[in-house]
Amino acid sequence: MPNGGPEIEQLIQLLARLPGLGPRSARRAVLHLIKRKEQLMIPLSAALDRAVAAVRTCEVCGNVDTASPCSICADPRRGESGILIVVEDVADLWALERAGVGNVRYHVLGGVLSPLDGIGPDDLHLDGLIERAPAYGEIVLAMNATVEGQTTAHYITDRLAGTGIKITRLAHGVPVGGELDYLDEGTLSQALKARTAL
Ligand code: ZN
């Protein structure tokens, strides 16, 4: 039985769809917003409006930013290392950036191969990666340590076979089944430093 009016109920239902929030937390969050309308609810609404208008997916790497190409692709210093790190999701890119991995560039696949879920090569941004790869001296496969992540890494390695491009993967500081986004920055930057050749 809804407590507030339909507008409040809709807000709760939308927030409940966010990762990490269920209906109970969403209800608490909405109540908190309503109680702090001036300090929180109005600025949040304005920030959402601005983000909706500004947000872009980078046409080069798949990162989200307010410009395309994104600030990482547009920064010439980022190309100097010759390292391109392939990640499943923007969250992984952000995790690596938080870990301060240095002047590297990224490629966001937008998922992993998963025959069971009907996700094949055409559903991922693989062609863009194959196209970009020759411009880099090293491709680091930073998929999550899941079966699907490793299957995807093998597929990319096969696609790039014979190109002579050096391919590496994150070292096994990354726990099996581990998702990059949940690793602490130290572990992540260590896993990159100790990466191994494929
Ligand atoms: Zn980009």
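Basis of the calculations
- Residues numbered from 1 in each chain as written.
- Predicted model: local features only at pLDDT ≥ 70, side-chain atom pairs only at ≥ 80, totals over all residues.
- Heavy atoms only, no water.
- Donors = N, O, S within 2.8 Å, 3.2 Å for Na, K, Ca; no water.
- Tetrahedral: all angles 85-135°; square planar, octahedral: opposite > 155°, others 65-115°.
- Buried < 20%, exposed > 50% of the residue type's maximum accessible area, 1.4 Å probe, protein only.
- Salt bridge = Lys/Arg side-chain N within 4 Å of Asp/Glu carboxyl O.
- Helix = DSSP H or I, 4+ residues; strand = E, 2+ residues; numbered from the N terminus.
- Core = buried A, V, L, I, M, F, W, Y, C linked by side-chain atoms within 4.5 Å.
- Contact = heavy atoms within 4.5 Å.

K.L.:
Looking at this model, I keep getting lost on the coordination of the zinc ion. Mind explaining?
P.N.:
Six octahedral donors around a metal ideally sit at 90 or 180 degrees from one another, while four tetrahedral donors ideally sit at 109.5 degrees. Listed as protein donors to the zinc ion are Cys 58 (SG), Cys 61 (SG), Cys 70 (SG) and Cys 73 (SG); their distances from the metal cover 2.3 Å. For the zinc ion, the four donor atoms in the first shell make angles of 105 to 115° at the metal, so the coordination geometry reads as tetrahedral. Written as a sequence motif, the donor arrangement for the zinc ion is C-x2-C-x8-C-x2-C. Judged by its relative accessible area of 3%, Cys 58 falls in the buried class. Exposure remark for Cys 61: the relative accessible area of 3% places this residue in the buried category.

K.L.:
Any chance you could explain the pattern of salt bridges here in plain terms?
P.N.:
Where side chains of opposite charge bring their charged atoms close, a pairing between them can arise. The full count for this structure, using the stated rule, is six salt bridges. With a shortest N-O distance of 3.5 Å, Arg 27 and Glu 9 are connected by a salt bridge. Taken together, the residues span a long stretch of sequence, with Arg 27 in helix 2 (residues 23–35) and Glu 9 in helix 1 (residues 6–15) at a distance of 18 residues. Relative accessible area serves as the criterion here: at 34%, Arg 27 is assigned to the partly exposed category. Residue classification places Glu 9 among the buried residues on the basis of a relative accessible area of 14%.

K.L.:
How should I be thinking about the nonpolar core in this particular structure?
P.N.:
Grouped together as the largest cluster of nonpolar side chains are 25 residues, with contacts concentrated most on Ile 85, Val 87, Leu 96, Val 101, Tyr 106, Leu 170 and Leu 188. Breaking this core down by element, the ones donating at least two residues are helix 4 (71–74), strand 3 (83–87), helix 5 (90–98), strand 4 (105–108) and helix 8 (185–193). Those residues in contact with Leu 96 that sit more than four places away from it in its chain are Ile 85, Val 87, Val 101, Tyr 106 and Leu 188. The next biggest cluster of nonpolar side chains, apart from the first, holds 18 residues, and it includes Val 112, Tyr 136, Leu 141 and Leu 160.

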